[in-house]
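# Close look at the chain arrangement
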Amino acid sequence: DTEVTQTPKHLVMGMTNKKSLKCEQHMGHRAMYWYKQKAKKPPELMFVYSYEKLSINESVPSRFSPECPNSSLLNLHLHALQPEDSALYLCASSLGQGPPKNIQYFGAGTRLSVL
Amino acid sequence: GEDVEQSLFLSVREGDSSVINCTYTDSSSTYLYWYKQEPGAGLQLLTYIFSNMDMKQDQRLTVLLNKKDKHLSLRIADTQTGDSAIYFCAESITTGTYKYIFGTGTRLKVLA
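What you see is a predicted model; the values in this text were computed from it and never measured. (Residues numbered from 1 in each chain as written. Chains lettered and ligands numbered in written order. Predicted model: local features only at pLDDT ≥ 70, side-chain atom pairs only at ≥ 80, totals over all residues. Heavy atoms only, no water.)

Let us now look at the overall build of chain A. Helices and strands together make up the secondary structure of chain A, namely zero helices and eleven strands. Ordered by position from N to C terminus, the α and β elements of chain A give β-β-β-β-β-β-β-β-β-β-β. Here the C-alpha atoms of chain A give a radius of gyration of 13 Å, agreeing with the 13 Å that 2.2 N^0.38 yields for 115 residues. Expressed along its principal axes, the backbone C-alpha trace of chain A runs to roughly 40 × 25 × 20 Å. A total of 115 residues make up chain A; the buried ones form 48% of that total. Considering only residue pairs separated by 6 or more positions, chain A has 55% of its internal contacts joining residues 24 or more positions apart. Split by element, the accessible area of chain A, about 5,500 Å² in all, is 51% carbon and sulfur. Of note, chain A has its 13 positive side-chain charges centred 4 Å away from the centre of its 9 negative side-chain charges. (Helix = DSSP H or I, 4+ residues; strand = E, 2+ residues; numbered from the N terminus. Rg over C-alpha atoms; globule rule 2.2 N^0.38 Å. Buried < 20%, exposed > 50% of the residue type's maximum accessible area, 1.4 Å probe, protein only. Contact = heavy atoms within 4.5 Å. Areas by Shrake-Rupley, 256 points an atom, 1.4 Å probe, with all protein chains shown as cover. Lys, Arg positive; Asp, Glu negative; His and termini not counted. Charge placed at Lys NZ, Arg CZ, Asp CG, Glu CD.)

Okay, the pairing of strand β3 (residues 18–23) of chain B next. For a regular strand, side-chain orientation follows a simple rule: the groups alternate between the two sheet faces. Residue and element names in this part refer to chain B. Residue alternation in β3 divides its side chains into a buried set, Ser18, Ile20 and Cys22, and an unburied set, Val19, Asn21 and Thr23. Across two bridges, the pairing between strand β1 (residues 5–6) and β3 is antiparallel. If you follow Glu5 over to β3, its bridge partner there is Thr23. As paired strands, β3 and strand β8 (residues 71–76) are joined by six bridges and run antiparallel to one another. Paired with Asn21 across the two strands is Ser73, which belongs to β8. (Pairing = 2+ DSSP bridges.)

Here the focus is the sheet that holds strand β8 (residues 73–79) of chain A. Residue and element names in this part refer to chain A. Strand order in the open sheet made by the four strands is β1-β3-β8-β7, with antiparallel pairing throughout. Strands at the two margins of the open sheet, each flanked by one partner only, are β1 (4–7) and β7 (64–70). Averaged over neighbouring strand pairs, the angle between their axes works out to 20° when direction is ignored. Pairing of β7 with β8, which is carried by five bridges, proceeds in the antiparallel orientation. (Axes fitted to C-alpha atoms, helices over the stretch in contact; angles between N-to-C directions.)

Attention shifts here to the pattern of salt bridges. All names here are of chain B. Going through the model one piece at a time under the given rule, you end up with seven salt bridges over all chains. A salt bridge links Asp83 to Arg60, with the shortest nitrogen-to-oxygen separation between them at 3.0 Å. Note that Asp83 is positioned in the loop between β8 and β9 (85–92) and Arg60 in the loop between β6 (55–58) and β7 (61–66), a separation of 23 residues in sequence. On the basis of relative accessibility, which here comes to 32%, the residue Arg60 falls in the partly exposed class. One salt bridge in this structure joins Asp69 and Lys68, with 3.6 Å as the shortest N-O distance. (Salt bridge = Lys/Arg side-chain N within 4 Å of Asp/Glu carboxyl O.)

Each aromatic ring pair is characterised by the separation of its centres together with the angle its planes make. Here the structure, examined in full by the defined rule, presents 15 aromatic pairs over all chains. Centroid distance Phe106 of chain A to Tyr35 of chain B: 5.4 Å. Interplanar angle 85°. Geometry classified as edge-to-face. With Phe106 of chain A in strand β10 (residues 105–106) and Tyr35 of chain B in strand β4 (residues 31–37), this pair bridges two chains. The class for Tyr35 of chain B is buried, based on a relative accessible area of 0%. Put simply, the rings of Tyr33, Tyr35 and Phe106 of chain A together with Tyr31, Tyr33, Tyr35, Tyr48, Phe50, Phe88, Tyr100 and Phe102 of chain B touch in pairs and so form one group of aromatic residues. Sitting over the face of the ring of Tyr48 of chain B, Lys56 of chain B holds its NZ or CZ atom 4.1 Å from the ring centroid. (Phe/Tyr/Trp six-rings, centres within 6.5 Å; stacked < 30°, edge-to-face > 60°. Lys NZ or Arg CZ within 6 Å of the ring centre and 35° of its normal.)

Distances and angles like these do not, on their own, reveal function.
Put into structure tokens, the structure is as follows:
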């Protein structure tokens, strides 16, 4: 089983709202990732958690706040977003952060629209 | 720079072979990957190759690696309409973070 589950599939929010994206895996993976993907572009890395600790933050604005409550769950809290934050948000997980354990498996994504 | 280059678009007829090319940047990358993304979906891992290999075959997929030229290719035999998607190559950089650098993506269109 290589399943990464993301909820919700779609989200529409206003610029003053607070919402959260959720990602779950039960493969025993210890690294989890958030990516942002704009249309017709490759995914852009936002955050990496390794063993439930934040290991990479790609200079993401503070209106995006990641959280890793346990090894199976990854959240992305959203607050005061801008219309340009509208995108597909992808979660991924891997056994570990370095090769050969860093083969990443992706969820189906959350399509976010900010009005 | 960190640009991983792919051609933007490829169109083939059903039943033909497709070859998608990728030029990567980090000559010390240990693993290189191919992902498929269908419209509105996440990325599906198709295959990967370790850098000490020249070729890897997996059913209809053949990956070729030329380390000297930093060139990676994905050949899809007997291409089907269900293969229509965007294909991304990715390299895992070796400078500490091991994060992926994705290619620009190739949109494959299969004509019936």
